[in-house]
Amino acid sequence: MKYSFILEKEKFKKMKIKLWAFSFLVLTFACTDGAKNKSQTKKPLNIILLIGDGMGLSQVSSAYYFKEGKVNFSRFSKIGLINTSAAVQKITDSAASATAYSCGERTFKKMIGMSVDTVAMQNITDTLSALNYQTGVVVTSAVTDATPAAFYGHVPSRYQYEELASQLAVSSIDFVSGGGLENFTQREDGTNQLEVMKENGFVVDTVSLNRFDCDPEKKYAFFLSYENMPKMPEGRGDYLPQATQMAMDYLSKSNDGFFLMVEGSQIDWAGHRNNAEHLITEVIDFDNTVGKALDFAEKDGNTLVIVTADHETSGFALAGDQYEDIRFATTQHTAAMVPVFSYGPGSEILTGTFENQEMRSKILQAIVDHR
């Protein structure tokens, strides 16, 4: 069943989102003291949320053992732990966990942007877009995969890729980069969603990241693979750090602040396959991307960088100093808590131990407290 009712009511939903977002800020600012109210003239806080899909503490640790040069995880001083459980399952999937991060409420596995009652929830990019924030998504998977989809989509099943492509085409997202071209051009309904994206203000590129001087008055979509982006051992190169840098440069041209979600998608896939080389090279690539975000934040001075995972995959263990000494407990996800690293204004509220559905409220709190 196609959930086209979501798209048919898109204009009405966007109007409700703007009203909700305005009400949220009015209520929150009303509860702050006079000194904070006076700070409204400050430049808005930027948020960069980097998600290493399937990345637990052992995966993070692998960067210290196998990366040549500085490990960027070492640049954080604010560290916490997150419980990643779904609504009724201790072991989550990417759809439910990313939905908790984006929408602030736990749901069932496989659901994207919807509550356990199958009601569309407001994701954080729509909330912030209604407040004039620029928003972006950069991934090494298809852009219609579970984690990125939770930041713009609403479907009861994560496998409704074509429906998610249709929703992204008319979404409030300003910058998107990843794979998944097939879901936009080779569809059962015969439509070309790239044309819909262009009608919605996107400049679409299916060849390369070749627009380094992006026009802030336009939106940009880069679909660089028919399915998913290549694996690091297959020669993906520096795509993720490069696309992240490009997104930050473009989104920061706005005077209203930006929210960017970046996913190292394939750490999870390597864990499912118990492939140590793939896993470690993906973690190192993700750490290099984290370095780009931290460099931007250090220079900018008003950007909050958050690095975490949606869940842990494979029960990965470092049992020695060689790839062949590595152990995997399973080919599936686990219930292990995941680390959260943060840097910049607001990072103090992301320490300690908390639940995944608290991420959204913590981000919104940081925005209110540090504008």
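Quantities reported herein were computed from a predicted structural model and do not represent experimental measurements.

S.K.: I'd like a description of the packing of helix α4 (residues 57-66) against helix α13 (residues 276-300), backed by residues and values.
M.R.: In a packed pair of helices, the relevant descriptors are the angle between the two axes and the axis-to-axis distance. Across the interface, α4 lies against α13 with an axial gap of 9 Å and an inter-helix angle of 85 degrees. Classified by the angle their axes make, α4 and α13 are roughly perpendicular. Residues Q59, S62, A63 and F66 of α4 form the contact with α13, whose own contacting residues are L279, I280, V283 and I284.

S.K.: Just give me the short version of helix α11 (residues 239-251), but keep the residues and values in it.
M.R.: An ideal rise of 1.5 Å per residue puts 18 Å on 13 residues; α11 measures up with 18 Å between its terminal C-alpha atoms. Counting buried positions along α11 gives 10 out of 13 residues, so the element sits mostly inside the fold. Of all the positions in α11, only Y239, L240, P241, A243, T244, M246, A247, M248, Y250 and L251 are classed as buried. Lining the buried residues of α11 we find β1 (46-52), β3 (134-142), β4 (175-179), β6 (219-223), β7 (258-264) and α13.

S.K.: Talk me through the pairing of β7; I want residue IDs and the actual numbers.
M.R.: Counting buried positions over the seven residues of β7 gives seven, a clear majority of the element. Burial along β7 is two-sided: the residues F258, L260, V262 and G264 and F259, M261 and E263 are all buried. Pairing geometry for β3 and β7, over six bridges, is parallel. Directly across from T135, in β7, lies its bridge partner F259.

S.K.: Describe the pattern of salt bridges, with residues and values.
M.R.: By the definition in use, this model includes 11 salt bridges. Measuring nitrogen to oxygen at the nearest pair gives 3.6 Å for the salt bridge that ties E234 to K231. Exposure remark for E234: the relative accessible area of 53% places this residue in the exposed category. Owing to a relative accessible area of 25%, K231 belongs among the partly exposed residues under this scheme.

S.K.: So what's going on with the side chain of H311? Which residues, and what values?
M.R.: When you line up the elements, H311 lands in the loop between β8 (303-308) and β9 (312-313). Of the polar contacts made by the side chain of H311, one reaches the side chain of S94; its length is 3.1 Å. Separated by 3.2 Å, the side chains of H311 and T313 make a polar contact. Beyond its immediate sequence surroundings of up to four residues, H311 is in contact with D53, G54, M55, T84, T92, D93, S94, D268, H333 and V338.

S.K.: Any chance you could break down the environment of N210 for me, citing the residues and the numbers?
M.R.: Note that N210 resides in the loop between β5 (202-205) and β6. Between the alpha carbons of N210 and M246 there is a distance of 9.8 Å; along the sequence they are 36 residues apart. The contacts of N210, once residues within four sequence positions are left out, are D205 and F222.

S.K.: Lay out the packing of aromatic side chains in plain terms, naming residues and giving numbers.
M.R.: Enumeration over the complete set of coordinates arrives at 11 aromatic pairs. Seen in terms of ring centroids, F175 and F222 are 5.6 Å apart; in terms of plane orientation they differ by 45 degrees. Their pairing is tilted. Highlighted residues: F175 in strand β4 and F222 in strand β6, separated in sequence by 47 residues. The residues F175 and F222 share a single accessibility class, namely buried. For the ring pair F175 and Y250, a centre distance of 5.7 Å and an interplane angle of 35 degrees mean the geometry is tilted. Of this pair, F175 sits in strand β4 while Y250 sits in helix α11; the two residues are 75 residues apart in sequence, bridging distant segments of the chain. The class of F175 is buried, set by a relative accessible area of 0%. With relative accessibility at 2%, the residue Y250 sits in the buried group. Counting every residue linked through ring pairs, the aromatic cluster contains F175, Y220, F222 and Y250. Against the face of F354 rests K362, its NZ or CZ located 4.7 Å from the ring centre.

Reading the values: the criteria
- Residues numbered from 1 in each chain as written.
- Predicted model: local features only at pLDDT ≥ 70, side-chain atom pairs only at ≥ 80, totals over all residues.
- Heavy atoms only, no water.
- Axes fitted to C-alpha atoms, helices over the stretch in contact; angles between N-to-C directions.
- Helix = DSSP H or I, 4+ residues; strand = E, 2+ residues; numbered from the N terminus.
- Parallel < 35°, antiparallel > 145°, perpendicular 65-115°, else oblique.
- Contact = heavy atoms within 4.5 Å.
- Expected span 1.5 Å × (residues − 1).
- Buried < 20%, exposed > 50% of the residue type's maximum accessible area, 1.4 Å probe, protein only.
- Pairing = 2+ DSSP bridges.
- Salt bridge = Lys/Arg side-chain N within 4 Å of Asp/Glu carboxyl O.
- Polar contact = N/O pair within 3.5 Å; in protein donor to acceptor, adjacent residues only side chain to side chain.
- Phe/Tyr/Trp six-rings, centres within 6.5 Å; stacked < 30°, edge-to-face > 60°.
- Lys NZ or Arg CZ within 6 Å of the ring centre and 35° of its normal.

No statement about biological role is implied by the geometric values presented.
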